[in-house]
Amino acid sequence: MYIKPKKSLGQNFLIDKNIQKKIICACNLFKEDIVLEIGAGKGDLTVLLAQSVKKVYALEIDPRLYPLLQQVADANENCQIIKSDILKFNLSKFILDNQIKQKIKVIGNIPYYISSPIIEQLIGYRKNISAAFITVQKEFGRRARAPAGSKEYGSFSCFLQYYCKCEILFEIKRNSFKPAPNVDSCFLSLEFRERPPVLVQDEGALFKLIRTAFNQRRKTLRNSLGGLVAQESLRNFLQSAGIDKNVRPEDLSLEQFASLSNSLGFCSDVGDRHACHLRKVK
Ligand code: SAH
């Protein structure tokens, strides 16, 4: 059955069978795993997932694809379709309703224009998720896992790495998809941390500090934070931490941002919590 791909839904179906298998292998799946697949499409990955784990919930927004997914569900009794928009899906409620007692894995070849809101949403549900494996635009993946000092490092890297260990597992050429997107992709692994890698008194304050610092990343930290923190406090912090007074934001690690945030002791404003962080990232 021919289904005309909808650009508005980011429909770039993964047609390369080798990459499909590579994705399944890279997710390091166990027989007892429970997987939520986001954007199941025509069900190619769904079938492979169903053969590898205990249960697959295949979530898809486009009703034209439901008959194909139903065939997969009919042939694999451990597969169930969820007819929903991922951005409106209440995962905690779903987990309670289905009496799921373990952390799930999330896997998906998802539309790139909603990579950020999907990740943001998954972070919100991190207590229920052990890891997420998703295809993203190559540059997006590089920003996600960028270490301090690299040119891709920014507030998005800090935000994500606060919650997850991020790794690019491999790159995927555009002609592996049909229709081929006009960007290259990569397969990104996000392993959710049990606890953040740094201790902060106020997460909102940390993210506000980081965002402000990177708003003007070419400036020195002292200049970019000029409007937010007292120069003297910043000078004292840099001196006691043994950091060059002309340091640029991109050279400060997440740990150093956390110490700075703690040392300043300022509080986040209401409404500036991390939940709205990604939309503000440049
Ligand atoms: N996983 C399939 C399809 C990838 S294309 C494959 O690898 O071939 C991306 C899929 O995400 C499409 O099927 C599209 O309909 C679906 N999708 C787009 N927006 C969505 C949303 N908000 N919620 C759930 N699925 C969505």
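Going by the structure above, here's the rest.
Overview of the structure. (Residues numbered from 1 in each chain as written. Predicted model: local features only at pLDDT ≥ 70, side-chain atom pairs only at ≥ 80, totals over all residues. Heavy atoms only, no water.)

Structural notes on the site of the ligand
The environment of the ligand is formed by 22 residues, the closest being Gln11, Gly39, Glu60, Asp85 and Asn109. Residue Gln11 places a side-chain N or O atom 2.9 Å away from an oxygen atom belonging to the ligand. Glu60 places a polar side-chain atom, nitrogen or oxygen, 2.6 Å from an oxygen atom of the ligand. Protein chains bury 97% of the 570 Å² of accessible surface belonging to the ligand in isolation. If you map the ligand onto the pockets, it falls in the largest pocket. Elements represented by at least two residues in the shell around the ligand include exactly strand E1 (13-14) and strand E3 (55-60). (Near = heavy atom within 4 Å. Polar contact = N/O pair within 3.5 Å; in protein donor to acceptor, adjacent residues only side chain to side chain. Areas by Shrake-Rupley, 256 points an atom, 1.4 Å probe, with all protein chains shown as cover. 1 Å grid on protein atoms, 1.4 Å probe; cavity = no way out; pocket = protein on both sides within 12 Å on 5 of 7 lines; lining within 4 Å. Sits in = over half its atoms within 2 Å of the grid points. Helix = DSSP H or I, 4+ residues; strand = E, 2+ residues; numbered from the N terminus.)

Section: helix H3 (residues 66-75)
In an α-helix, one turn spans 3.6 residues; hence positions three or four apart end up facing the same way. Looking only at H3, the buried set comprises Tyr66, Leu68, Leu69, Val72 and Ala73. In an axial view of H3, the angular spread of the buried residues amounts to 160°, which keeps them on one side of the axis. Facing away from the buried side of H3 by over 90 degrees, the exposed positions are Gln71, Asp74 and Ala75. Next to the buried residues of H3 lie helix H2 (44-52), E3 and strand E4 (79-83). (Buried < 20%, exposed > 50% of the residue type's maximum accessible area, 1.4 Å probe, protein only. Arc of directions from axis to C-beta. Contact = heavy atoms within 4.5 Å.)

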